4 protein chains.
Amino acid sequence: MNKELKEEKVFKDPVHRYIHVRDQLIWDLIGTKEFQRLRRVRQLGTTSLTFHGAEHSRFNHSLGVYEIMRRLTTTFSGKVHWREEDRLLALTASLLHDIGHGPFSHSFEKVFDTDHEEWTRKIILGKTEVNQVLIQVDPTYPQAVADVIEKTSANKLVTSMISSQIDADRMDYLLRDAYYTGVSYGQFDLERILRVMRPTEDQVVVKASGMHAVEDYIMSRYQMYWQVYFHPVTRSSEVILSKILKRVKALTEGNYSFKQEPIHFHSIFSGEMTLQDYLRLDESVMQFYFQCWQEETDPILADLCDRFLNRRLFDYAEFHPKERIYDWSRLTQLFAQANIDPDYYLVMDSSSDLPYDVYRPGEDERIPIQLLLPDGSLKELSSQSDVVDSISGKKRTDHKLYFPIDLIINDQIDPQIKSEIRSIIGW
Amino acid sequence: MNKELKEEKVFKDPVHRYIHVRDQLIWDLIGTKEFQRLRRVRQLGTTSLTFHGAEHSRFNHSLGVYEIMRRLTTTFSGKVHWREEDRLLALTASLLHDIGHGPFSHSFEKVFDTDHEEWTRKIILGKTEVNQVLIQVDPTYPQAVADVIEKTSANKLVTSMISSQIDADRMDYLLRDAYYTGVSYGQFDLERILRVMRPTEDQVVVKASGMHAVEDYIMSRYQMYWQVYFHPVTRSSEVILSKILKRVKALTEGNYSFKQEPIHFHSIFSGEMTLQDYLRLDESVMQFYFQCWQEETDPILADLCDRFLNRRLFDYAEFHPKERIYDWSRLTQLFAQANIDPDYYLVMDSSSDLPYDVYRPGEDERIPIQLLLPDGSLKELSSQSDVVDSISGKKRTDHKLYFPIDLIINDQIDPQIKSEIRSIIGW
Amino acid sequence: MNKELKEEKVFKDPVHRYIHVRDQLIWDLIGTKEFQRLRRVRQLGTTSLTFHGAEHSRFNHSLGVYEIMRRLTTTFSGKVHWREEDRLLALTASLLHDIGHGPFSHSFEKVFDTDHEEWTRKIILGKTEVNQVLIQVDPTYPQAVADVIEKTSANKLVTSMISSQIDADRMDYLLRDAYYTGVSYGQFDLERILRVMRPTEDQVVVKASGMHAVEDYIMSRYQMYWQVYFHPVTRSSEVILSKILKRVKALTEGNYSFKQEPIHFHSIFSGEMTLQDYLRLDESVMQFYFQCWQEETDPILADLCDRFLNRRLFDYAEFHPKERIYDWSRLTQLFAQANIDPDYYLVMDSSSDLPYDVYRPGEDERIPIQLLLPDGSLKELSSQSDVVDSISGKKRTDHKLYFPIDLIINDQIDPQIKSEIRSIIGW
Amino acid sequence: MNKELKEEKVFKDPVHRYIHVRDQLIWDLIGTKEFQRLRRVRQLGTTSLTFHGAEHSRFNHSLGVYEIMRRLTTTFSGKVHWREEDRLLALTASLLHDIGHGPFSHSFEKVFDTDHEEWTRKIILGKTEVNQVLIQVDPTYPQAVADVIEKTSANKLVTSMISSQIDADRMDYLLRDAYYTGVSYGQFDLERILRVMRPTEDQVVVKASGMHAVEDYIMSRYQMYWQVYFHPVTRSSEVILSKILKRVKALTEGNYSFKQEPIHFHSIFSGEMTLQDYLRLDESVMQFYFQCWQEETDPILADLCDRFLNRRLFDYAEFHPKERIYDWSRLTQLFAQANIDPDYYLVMDSSSDLPYDVYRPGEDERIPIQLLLPDGSLKELSSQSDVVDSISGKKRTDHKLYFPIDLIINDQIDPQIKSEIRSIIGW
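Residues numbered from 1 in each chain as written. Chains lettered and ligands numbered in written order. Predicted model: local features only at pLDDT ≥ 70, side-chain atom pairs only at ≥ 80, totals over all residues.

### Things to note about the overall build of chain A
Turning to step 1, where the next piece is worked out: Helix and strand counts for chain A stand at 23 helices and nine strands.
Turning to step 2, where the next piece is worked out: Since a compact globule built from 427 residues should have a radius of gyration of about 22 Å, the 24 Å found for chain A is in line with a globular shape.
Turning to step 3, where the next piece is worked out: By its C-alpha atoms, chain A is 75 × 50 × 40 Å across when sized along the principal axes.
Turning to step 4, where the next piece is worked out: Counting over 427 residues, chain A shows a buried share of 50%.
Turning to step 5, where the next piece is worked out: Put simply, 67% of the contacts in chain A that link residues at least 6 apart link residues at least 24 apart. (Helix = DSSP H or I, 4+ residues; strand = E, 2+ residues; numbered from the N terminus. Rg over C-alpha atoms; globule rule 2.2 N^0.38 Å. Buried ≥ 20, exposed ≤ 12 C-beta atoms within 10 Å, placed from the backbone. Contact = placed C-beta atoms within 7 Å.)

### Topic: the relation of the copies chain A and chain B
Turning to step 1, where the next piece is worked out: Least-squares fitting of chain A to chain B yields an RMSD of 0.0 Å, with the transformation described by 0.0 Å of translation along the axis and a rotation of 180°. Viewed as a symmetry operation, the transformation between the two copies matches a two-fold axis. Residue Ser284 of chain A, judged by its C-alpha, is the member of chain A lying nearest the rotation axis, at 2.1 Å.
Turning to step 2, where the next piece is worked out: A shared interface surface links the copies, since 97% of the contact residues of chain A are contact residues in chain B too. (Least-squares fit on C-alpha atoms with pLDDT ≥ 70 in both.)

### Let's talk about the relation of the copies chain D and chain B
Turning to step 1, where the next piece is worked out: Relative to chain B, chain D is turned by 180° and slid 0.0 Å along the rotation axis, the superposed coordinates differing by an RMSD of 0.0 Å.
Turning to step 2, where the next piece is worked out: In this assembly the copies share their binding face: 100% of the residues contributing to the interface of chain D also contribute to that of chain B.

### Topic: the sheet that holds strand β5 (residues 315-318) of chain A
Residues and elements named next belong to chain A.
Turning to step 1, where the next piece is worked out: Reading across the sheet, the three strands line up as β5-β9-β6 and stay open at both edges, with antiparallel pairing between neighbours. Each edge of the open sheet is held by one strand with a lone partner, namely β5 and β6 (347-353). This sheet shows a mean twist of 35° between the axes of neighbouring strands, independent of strand direction.
Turning to step 2, where the next piece is worked out: In this structure, β6 lies alongside strand β9 (residues 396-403), joined through seven bridges in antiparallel fashion. Opposite Met348, over in β9, you have Leu401 as the bridge partner. (Pairing = 2+ DSSP bridges. Axes fitted to C-alpha atoms, helices over the stretch in contact; angles between N-to-C directions.)

### Focus: the environment of Phe288 of chain B
Turning to step 1, where the next piece is worked out: Looking at the element boundaries, Phe288 of chain B is found in helix α16 (residues 283-293).
Turning to step 2, where the next piece is worked out: Sequence separation between Phe288 of chain B and Gln260 of chain B is 28 residues; the distance between their C-alpha atoms is 10.0 Å.
Turning to step 3, where the next piece is worked out: Once you skip the residues sitting within four places of it in the chain, Phe288 of chain B turns out to touch Ser284, Val285 and Phe288 of chain A.

### Some points on the pairing of strand β9 (residues 396-403) of chain C
Turning to step 1, where the next piece is worked out: Pairing geometry for strand β5 (residues 315-318) of chain C and β9 of chain C, over four bridges, is antiparallel. Following the sheet pairing, Asp315 of chain C is matched in β9 of chain C by Phe403 of chain C.

### Some thoughts on the interface of chain A and chain B
It is common to give the size of an interface as the accessible area that goes away when the parts come together.
Turning to step 1, where the next piece is worked out: The partner chain B presents 32 residues to the 33 residues of chain A that form the contact.
Turning to step 2, where the next piece is worked out: Breaking the side of chain A that touches chain B down by element, the ones donating at least two residues are β1 (4-13), α2 (33-36), α3 (58-76), α10 (168-181) and α16 (283-293) of chain A.
Turning to step 3, where the next piece is worked out: Across the side of chain A that touches chain B, the residue classes tally to eleven nonpolar, 13 polar and nine charged. (Nonpolar A, V, L, I, M, F, W, Y, C, P; charged D, E, K, R; others polar.)

### Some thoughts on the nonpolar core
Turning to step 1, where the next piece is worked out: Ranked by size, the top nonpolar core spans 480 residues in total, and within it Val145 of chain A, Val145 of chain B, Val145 of chain C together with Val145 of chain D carry the most contacts.
Turning to step 2, where the next piece is worked out: When residues in this core are grouped by element, the largest group, ten residues, is from helix α12 (residues 211-229) of chain B. (Core = buried A, V, L, I, M, F, W, Y, C linked by C-beta atoms within 7 Å.)

### Observations regarding the packing of helix α4 (residues 87-96) of chain B against helix α8 (residues 141-150) of chain B
Residues and elements named next belong to chain B.
Turning to step 1, where the next piece is worked out: In the contact formed by α4 and α8, the axes pass within 9 Å of each other and the chain directions differ by 65°. As α4 runs across α8, the sense of the crossing is right-handed. Between α4 and α8, the residues in contact are Leu89, Thr92, Ala93 and Leu96 and Ala144, Val145, Val148 and Ile149, respectively.
Turning to step 2, where the next piece is worked out: When its residues are assigned to classes, the contact of α4 with α8 shows seven nonpolar, one polar and no charged. (Left-handed = near helix turned anticlockwise from the far one by under 90°.)

### A closer look at the packing of helix α5 (residues 105-112) of chain C against helix α13 (residues 232-253) of chain C
All names here are of chain C.
Turning to step 1, where the next piece is worked out: Where α5 contacts α13, the axes come no closer than 9 Å and their chain directions differ by 40°. Viewed along their axes, α5 and α13 adopt a mutual orientation that is oblique. In this structure, the crossing between α5 and α13 has a hand that is right-handed. Facing α5, whose interface residues are His106, Ser107, Lys110 and Val111, α13 presents Glu238, Leu241, Ser242, Leu245 and Lys246.
Turning to step 2, where the next piece is worked out: By residue class, the composition of the contact of α5 with α13 is three nonpolar, three polar and three charged. (Parallel < 35°, antiparallel > 145°, perpendicular 65-115°, else oblique.)

### Digging into unusual backbone geometry
Turning to step 1, where the next piece is worked out: At Arg17 of chain B, a residue that is not glycine, the phi angle is positive and equals roughly 65°.
Turning to step 2, where the next piece is worked out: The topology assignment puts Arg17 of chain B in strand β2 (residues 17-23).
Turning to step 3, where the next piece is worked out: Assessed through the 16 C-beta atoms surrounding it within 10 Å, Arg17 of chain B is described here as partly exposed.
Turning to step 4, where the next piece is worked out: A positive phi is found at Asn339 of chain D, a non-glycine position, where the angle reads about 60°.
Turning to step 5, where the next piece is worked out: Looking at the secondary structure, you find Asn339 of chain D in the loop between α18 (325-337) and α19 (342-345).
Turning to step 6, where the next piece is worked out: Residue Asn339 of chain D is classed as exposed on the basis of its 12 C-beta neighbours within 10 Å.

### A closer look at the sheet that holds strand β4 (residues 204-207) of chain B
Residue and element names in this part refer to chain B.
Turning to step 1, where the next piece is worked out: The sheet built from four strands is open, its strands ordered β3-β4-β7-β8 with mixed pairing. With partners counted over all chains shown, the strands left at the sheet margins are β3 (197-199) and β8 (378-380), one partner each. The average angle at which neighbouring strand axes cross in this sheet is 45°, direction not considered.
Turning to step 2, where the next piece is worked out: Relative to strand β7 (residues 370-372), β4 is paired through two bridges, and the arrangement is parallel. Residue pairing for β7: Lys207 is matched across the bridge by Leu372.

### Thoughts on the domain arrangement of chain A
All names here are of chain A.
Turning to step 1, where the next piece is worked out: Partitioning chain A into domains gives domain 1 (4-229) and domain 2 (232-351 + 399-425).
Turning to step 2, where the next piece is worked out: Taking only C-alpha atoms, the centre of domain 1 and the centre of domain 2 are 33 Å apart.
Turning to step 3, where the next piece is worked out: Counting residues at the interface gives 22 residues for domain 1, matched by 18 residues for domain 2.
Turning to step 4, where the next piece is worked out: Listing elements by their share of the side of domain 1 that touches domain 2, those giving two or more residues are α5 (105-112) and α6 (116-125).
Turning to step 5, where the next piece is worked out: It is α5 that contributes the most residues to the side of domain 1 that touches domain 2, five residues altogether. (Domains from an automatic or database assignment.)

Listed below in structure tokens is the structure:
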């Protein structure tokens, strides 16, 4: 059973001023070691190498999502379609929605073919302090929370409050990431949006009078993706990070003898990672290894770790993979001839974003934002807003080629090879 | 020789909007590995356990101090007493003033009896990338920079711009720490203070018309100390951190067999730490060890690491050491009888701050803030401001007793011992 | 001749922090009575009846435009195509660009068929304190300034800095009106835009790397138009204001005997308004009359003045004039039958905005925003930005019908008439 | 009877984000003409002549005080000593507390020996729309509201929420005036202060844990007084304003024949001002007369009006009246000899502020701020806070002499007289 705290607790938060906790359950969840671990996983991974202010953790963001949800449930209180008994479920799911994130998730998941959502599930349902706290509400409560986070819950309304094209998660990260990076793009009128949100049977919708505030939110999201999240310098550091992990794996498989053995990675390389193993892997641990590995005898691993830690990143150029298939294969050859291993030093990276979309059955089924008209009917957002319509369904992709220019312009490279490389990459 | 960059570079900064770099020297210094290392040392150590927003690094702050100094030198340009050739020295010293900081400096320096200023000197003068960059200006330049930072320089004006009771360092950290914690106390009108600062032969002074802005700055500093820097919860985590280090040292000396040997600490325990050893010790490395040590067989080390990482901090009560000498020794006895090692679990912590002071020859010789009157004469700030006078020279100290209440209220403790402990600490 | 001030003067400004004045000319212009008069003309006319915070004057805004221009000329300093001798012209024109604005310009100009640009010209070239200050630079200087403001100057670069689709005027009013209303829409990164602006021979352009900042500015403008400037409640008050002026004119022509004769309006009614007459007409004077006229015997004038001053505005409904020609003429009849004079109490108001447009020869010739590519070529903004393209050239118009519902639902109206009116307006 | 509105109404407010209205009574009061009149009375009178941003009205501030009170009553809800039936009384009194303010109150009340509190009482109890709305709650309700505002109510708790040394009125004006002037001094943590306020039987008190937030508020108040409210330039404009009113009175009594008769002032000159007369006197009306009077034949009136409207203010110098009695009388003689009427052109102005005080029976009986300790006892603030103690009870006074230096340095003045005047005032 959840109880109310004797006295409300607050956290000072730079984005929402204060985060208010009134439920013993929420307080206890924040105190679990799995939740405290989020202090050691940064919200934006390597972004602080581009925007130095953005050193905030997922702990920070998770409290923010919870607070937005808390305010939303307060405005819903007493409204048709809103069941007061869903309040705690909504709060719990919002607080825990990111609990499965590992260090530098983006690169980590790609290299190790793992998925933070799977780990979220295990943390909620497995032998953890989080699970211990949750089952005190009810033995079925952990499953209910997991279902909401995994979007498999029958409670579609609460699910949409945490995972939709306008949800507590996105609203917090836009405001928070804008605050910490210092960019002005992520601003929108959160208070107004919360005021115009309404529960319906199976989804949260927005009163039509709030359409412009929602437009502004969608545009903020669009700008944040291209100005911050997909910044080419950040992607350069992610490219290097991926290559470090790839190299360690290859060396392990090749029986290379490490000065600092990657003990924390063994189980993941062997495909037998336990929940305990996973929880140990935070960003401090990763950085510890990277630092030690700067002194490994393997020159590629040592170099990549030096680049990552000391911010000697790869350079980049525009490069469209489909239009330049020949150039790509030629570049690979040239790098090999110049003794710059193309497997580690030549990377094609593509980022794409679909800032908003209508519902497309059978494809990536995103639930569109519905406007609630005065007559009670619903209209999909992009049918009412020119601005949103202009970006709706338009996936935008940016292709970049990453390479260390310092190795290429090196005097030891054959001048002809060097010249051909430079001509292809346009440097 | 320093050259101007072909094109100004900027960093987006949430506090100063943009940080502007126009000198090749500054750009190169930022790129050194010693400076990049500051990304892995947080500005406020364990404060983020109290104010979750405050996860920013010393890298962040160092850029900010540099930017304030840059703006200050711009306003000085062309003024009497200001020599344009000091500009670069002022910028360099402001950028590098914190470069010697280790992880969790406060606790670290206390336990290991080391001093970040000594390491700063070594980084600037020793075999480092920073030194390599500096000597390109002039072989005597590293020494000139070190002298300013150490306050031994003959250039008293530049020294006062970086180390006085109103300097670029303090002005940045108040604004920055307020921004990241989210508290409103650290605000003051930086732009106005920069406008009213004037160079004199041996010190930076403030035009009398700006007195109220300076009062406001002094009060901000006063509030930040008691609201943020000396927050009792933060001090609790520092207490635990110190005890972890103390325990590791004791175990090492006692030939305890570690599961995870404290390799990075060996040289410091043996008093033979090299600069290379020191530079390896960042907060990631410390946290790596703390995480591993949660699983050590030594119960004290394992427990303290668990407390630190999972934020199970010590509780606290008011306790004046001089007035309660008897209680202190009695408590020590009682803890020992209850099998709670008082060397690790009973801590007296005192924090004191002297928010402003006039010059007191022979004591801690602080240079007071001088107001420049319209007639050209100087008057010491507290002689003109009632508010500053009220706190001038008044050292304020706060004494707290720290202990883990969970161990004390444990059922296995003899009820009589427990009761006496609780009566002394008033819990 | 312009001289530099002995000491820089500053104004504290909530939007730009400080406004810096270093030129005697600018200082003297601010001190003229024609410029001080702008304190008595609000920037947003009747908007404060909708957004109570927006009570700021054109004095306020004019200083802001000047400050943005000052920062822009500072970044231009030393760049190709920028002539330092244009600096003062740019500053003067930006400071004075709004000096001809009368009270509640929007309604005033519509009713009296006058034009603030014509008055601006007269103030700069006529017998005024402003003119006296300007001719001290050079006898041809007033004309040069007027030409820039009127967009007839041969100096197209400076003209574009004050009047184009991204100019100092628009940038200040978006930020300022957002600040005073409290809405979040008007935010964009001014500092970044100033950094990426570049002078060319005949126009200010924007470096392509700043495209997203410009997109954000265009979207802010778009949102401010529909959220603030065209707010239906503001338009209601403007409708009433126009009708007051119309009524006074009709009464004057009809030899109505006023309790408070509209002395200040006589010359404008007779088409013989002098510059002195115009300068006397500020918002205080207008409001004085409105207040007195609440007690006139003419019921329409008294009622409209009461509505305006005491915020008893007209109600409104969507109404498309072209699609509902019949309804409009029927409504007019019904109002007349109900003894509610349709000339004063039934108003069709249409607002339209063209948020951005390319160059369309022969039409409203707007100079498009050009992006400066790394290779030195220029590309028009909407050809590079999907978002801007989506709103480019798309005039959006909103049609509303205004009427006082309290008069219509009055018991003294014939129920059948009332019912038909209500059915047409959908109330 | 008060009813709840069908749907909450909000006002966008730059200081509190939104102002929320849920009660029909509050909504109706805002719509009365007496409340709407506050739009035509500026909050800071002539301050905008010094800080151009500060053009906000008392309407603006009154909504803000109401909103702070609304939030305070929300946090009190359910607490001991708080009676839910006092909520509406607190809201009403906070909304109406300034309703009696006239134009430029400070000068106006001094010259005409009137008092806005008396007019507040008349507006609440007299024949007004406000009174009509209030009696719908209960016939005794207007008196109850008036008693709270006049501090004669038996309900001491509610009275202290609106009039004490830390009340909704002061908290709003500090934040609001700081926002509109753009100074950073007025900031404090409103949300925290509201969280730590507690009702007691006869006063609102503050939990001791919030002491530092209250210190910060007291210091903000102190700074705002000296940086903004008592700014010497603002006082110069007030001095002129007073002299205009004094001159008009003298001319009226002397049967001077006005071009623009001061009709709106007749009743106040004859001591027979009715409520209706008073309500007509807003700042627009005052400024209308000032503008007309620039063209009067009386040179003093015309000159003073020109100075006020066109910001040609008096200059000032430090001058202590008690220490320089001889200089004062000599100056008066000299001005008279120079034909500069000392009754209008030589003014001694003293401003004093008592930023905080303990209770002093028999004197100006201010209720001190009480801190609520964990044991339930109360301690007066200055006994706990060094900083507040340093300014407690210390009245600070600033004396300035005001005069138009342009008239004194005029060539037509006898050089010897001029020289002696300048030597006394030190110019």
